[in-house]
Amino acid sequence: MWGGRFSTGPDAIMEAINASIEFDKRLAPEDIESSLAHAEMLAETGIINLPDANAIKQGLEEILAELEAGDLEFSTALEDIHMNIESRLKDKIGEPAGRLHTARSRNDQVATDFRLWVRGQIDLIDQNLVNLIRALLDQAQSGISWIMPGFTHLQTAQPITWGHHMMAYVEMFTRDRSRFKDARARMNECPLGSAALAGTSFPIDRNYTSSKLKFARPTANSLDAVSDRDFALEFLASSSICAMHLSRLAEELVIWSSAQFKFIELSDRFSTGSSIMPQKKNPDAAELVRAKIGRILGANIGLMTVMKGLPLAYSKDMQEDKEQVFDAADSLRLALCAMEGMIKDLTANKESLEKAAKSGFATATDLADWLVRVLNLPFREAHHITGELVRLAEQLECDLSDLELKDMQKVHADITEDVFTVLSIENSVKSRSSYGGTCPEEVQFQIDRWKKELE
């Protein structure tokens, strides 16, 4: 393709380090799609004649059929997906194939193909996220009033509902959807027609190709268009945050499914056994999801490092963008599907959740609030009194609700029988009725709100 300038071919090592076809062949559908749009535009503007355009169109459609049938062969000697497609097109239609590259460069070609691919992945990931959110909503609905301990520092803090805990992840994954949508909107500009870096002298119609490829608009600066990989970095950043959310949920599933917690049981479909310990049921799917953040965040850091020192415009360093993005996208989609399956199949143990909620003095905050509300004490004083009562309960090896009134009055004489109305976990949960709170009515409101949003 560039042999006119060179007297000898590349060294074998040069060919090995230079070729990208082993991974960028994944861009074949996008390369054909963008080439079809480009050829049509060239014909519409009179840059190439209609018979040549028709031949190119027919040849590209035949190549796409070969690709879909798994019959398209790729050559390392042709470096990349663009030259492999062009070479195959020449095999099919001869001389007109050489006209396809008029008014474009591999620089704007790959930028367009890659944007199309990432945009398509975002659409698939969005559906994966919707499926996971629906599974979480179903779990929230099924245990909307089941009481469990809420934790801070993994120590019992306050009673909450199972539904409330599930809805926390609905909020997280909904933010992930928003981030991906924002990234998609920003990347939805078409680089095709930017050529190598400076645009082209041919009378092309960039709005035509942009519209044909369903971009919102053409890119406004040809130099930036071929240099930019922000769209890939934003995709990786959004993927990293989403993977981090998946990892947090996976960590809870691992903890909750342990014999020490017994909050949930994962289905056999998403668990494994041990080769030596017959009693084991390991949460391997959750553990592997938890690990995916390493690959995805690594890709994010890797590409950021590749891009950080590059002068404008295109540099061959940018060939290192695709493998990392491909791997991150594959890892994230697999993790989302696995998490959806685990959430759909898991069984929450209502009795274990409630038993755990009754331990660890979970209603201590309710007691402090009662002292403020009923006895009109400053909160700091109420906090101190409650701490003394907790210490007393520890000494007597009982819960706060099991203390006798006379013992409480030794700590503060004005405490009345009414205090016991706030010391049950049921009343504690019911009282948390502020917007976004854990009481079942508020959780139901949020479930209904998100179900409506997903419609």
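Criteria and thresholds
- Residues numbered from 1 in each chain as written.
- Predicted model: local features only at pLDDT ≥ 70, side-chain atom pairs only at ≥ 80, totals over all residues.
- Heavy atoms only, no water.
- Helix = DSSP H or I, 4+ residues; strand = E, 2+ residues; numbered from the N terminus.
- Rg over C-alpha atoms; globule rule 2.2 N^0.38 Å.
- Buried < 20%, exposed > 50% of the residue type's maximum accessible area, 1.4 Å probe, protein only.
- Pairing = 2+ DSSP bridges.
- 1 Å grid on protein atoms, 1.4 Å probe; cavity = no way out; pocket = protein on both sides within 12 Å on 5 of 7 lines; lining within 4 Å.
- Points joined across faces, edges and corners; volume = space filled by probe spheres on them.
- Nonpolar A, V, L, I, M, F, W, Y, C, P; charged D, E, K, R; others polar.
- Phe/Tyr/Trp six-rings, centres within 6.5 Å; stacked < 30°, edge-to-face > 60°.
- Lys NZ or Arg CZ within 6 Å of the ring centre and 35° of its normal.
- Contact = heavy atoms within 4.5 Å.

Caption draft 1: Quick look at the overall build of the protein. Looking only at helices and strands, the protein has 18 helices and 6 strands in total. By the compact-globule yardstick of 23 Å for 455 residues, the protein is too spread out, its C-alpha radius of gyration being 30 Å. Its C-alpha atoms give the protein principal-axis dimensions of roughly 100 × 55 × 40 Å. The burial tally for the protein puts 49% of its 455 residues in the buried class.

Caption draft 2: Representation of the pairing of strand S1 (residues 147-152). Sheet topology note: the S1/strand S2 (residues 155-161) ladder contains 6 bridges and is antiparallel. Its bridge partner being in S2, Met-148 is matched across the sheet by Ile-160. Connecting the antiparallel pair S1 and S2 is a turn made up of 2 residues, with His-153 showing a positive phi of about 55°.

Caption draft 3: Seen up close, empty space enclosed by the protein. Per the counting criterion, the structure on display carries 1 cavity of 30 Å³ or more. Its volume calculated, the largest cavity comes out at about 30 Å³. Taken together, Ala-357, Lys-358, Phe-361, Ala-362, Thr-363, Asp-399 and Ile-425 make up the lining of the largest cavity. Looking at the lining of the largest cavity residue by residue, the classes come out as 4 nonpolar, 1 polar and 2 charged.

Caption draft 4: The packing of aromatic side chains, seen in detail. According to the stated counting rule, one finds 10 aromatic pairs in the structure shown. Aromatic pair Tyr-435 and Phe-445: ring centres 6.3 Å apart, planes at 70°, arrangement edge-to-face. Taken as a pair, Tyr-435 in the loop between helix H17 (425-431) and helix H18 (440-454) and Phe-445 in helix H18 lie far apart in primary sequence, 10 residues in all. Overall, Tyr-435 belongs to the exposed group, its relative accessible area being 62%. One aromatic cluster in this structure is built from Phe-151, Trp-162, Trp-256, Phe-261 and Phe-263. Cation over ring: Lys-322 sits above Phe-114, and NZ or CZ is 5.6 Å from the ring centre.

Caption draft 5: Seen up close, the side chain of His-38. Note on placement: His-38 falls in helix H3 (residues 28-44). Assessed through its relative accessible area of 1%, His-38 is described here as buried. Setting aside its immediate chain neighbours within four residues, His-38 contacts Leu-100, Thr-102, Ala-103, Arg-104, Leu-192 and Thr-209.

Caption draft 6: Structural detail: unusual backbone geometry. The omega angle of the peptide bond from Leu-312 to Ala-313 is 10°, so this bond is cis rather than trans. In this fold, Ala-313 is placed in the loop between helix H11 (284-307) and helix H12 (322-345). In this model, Ala-103 sits at a positive phi of 65°, which is unusual for a non-glycine residue. Mapped onto the elements of the fold, Ala-103 is located in the loop between helix H5 (81-93) and helix H6 (106-142).

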